[in-house]
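# Examination of the molecular architecture
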Amino acid sequence: MSYTGSYIWSLRQKVGSRTLLVPGAQVLLIDSEGRGLFQQRVDTGVWELPAGSCEEGGDFADAAVREVAEETGLRVEREDLVAFGSLSDPRVHTLTYPNGDITHCFALCFVTHRWSGELSPGVDEVRQAVFRPLDAPLQPLHPPTAVVLSMYERFRAEGRFQAR
């Protein structure tokens, strides 16, 4: 689904650019070499993980599966998603888009090592997508993505769900 017609789009028609509290998901896809999939946004040029908001009637895993498919062309299964953290810190995850819309995002962060299909970035949102070492992502890196990567490293080291 494109932005036009989405749940967030329908809310924007009523509230304009006012800050919305938005639940969503971010997904770290890790290949067999331990590299993560990063994508470059069309609108701002920053590098980030596949991510997006929940739709009415859906949950965090639905958002994760849908956003990976829309943004990368890859298919992930719900049962292959492992939740490792949640990012809701308003100092990091309040975003202002080029059109002036503001969102305070509440993201459940997933990791997966399994998917199917061919990498085919969604041209509406993604300029390009590449696998990179987790400690050497391309720049400029979206600030929330940097936080999610550090949360994932702590999750791996401590074995505990991370929240920020």
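The present account deals with the structure reproduced in this document.

Thresholds, definitions, all that
Residues numbered from 1 in each chain as written. Predicted model: local features only at pLDDT ≥ 70, side-chain atom pairs only at ≥ 80, totals over all residues. Heavy atoms only, no water. Helix = DSSP H or I, 4+ residues; strand = E, 2+ residues; numbered from the N terminus. Rg over C-alpha atoms; globule rule 2.2 N^0.38 Å. Buried < 20%, exposed > 50% of the residue type's maximum accessible area, 1.4 Å probe, protein only. Lys, Arg positive; Asp, Glu negative; His and termini not counted. Charge placed at Lys NZ, Arg CZ, Asp CG, Glu CD. Disulfide = S-S within 2.5 Å. Pairing = 2+ DSSP bridges.

With that settled, the discussion passes to the overall build of the protein. Summing up its helical and strand segments, the protein has four helices and nine strands in all. Going residue by residue from the N terminus, the α and β elements of the protein occur as α-β-β-β-β-α-β-α-β-β-β-α-β. In terms of overall size, the protein behaves like a compact globule, its C-alpha atoms giving a radius of gyration of 15 Å where 164 residues would be expected to give roughly 15 Å. Projected onto its principal axes, the C-alpha coordinates of the protein cover approximately 45 × 30 × 30 Å. By the burial criterion, 45% of the 164 residues in the protein qualify as buried. Distance between charge centroids for the protein: 6 Å, based on 16 positive and 22 negative side chains.

This part is about the state of the cysteines. Per the counting criterion, the structure on display carries zero disulfides. Cys-54 takes part in no disulfide bond, and the closest cysteine sulfur to it belongs to Cys-105, at a distance of 11 Å. According to the relative accessible area criterion, Cys-105 is buried, its value standing at 12%.

Once that is clear, we can look at the sheet that holds strand E3 (residues 47–48). Sheets are built from strands paired through backbone hydrogen bonds, the pairs being either parallel or antiparallel. What the three strands build is an open sheet, ordered E3-E2-E8; its pairing is antiparallel. Edge positions in the sheet fall to E3 and strand E8 (126–133), since each of these pairs with one other strand and no more. Examined bridge by bridge, strand E2 (residues 35–41) and E3 share two bridges and lie antiparallel to one another. Bridge assignment links Gln-40 to a residue of E3, and that residue is Trp-47.

Turning to the pairing of strand E5 (residues 82–87), a few remarks are in order. Where E5 and strand E7 (residues 102–112) come together, five bridges link them in antiparallel fashion. Counterpart to Val-82 in the pairing with E7 is Val-111. Pairing of E5 with strand E9 (residues 162–163) involves two bridges; the strand directions are parallel. Pairing of Gly-85 across the sheet is with Gln-162, part of E9.

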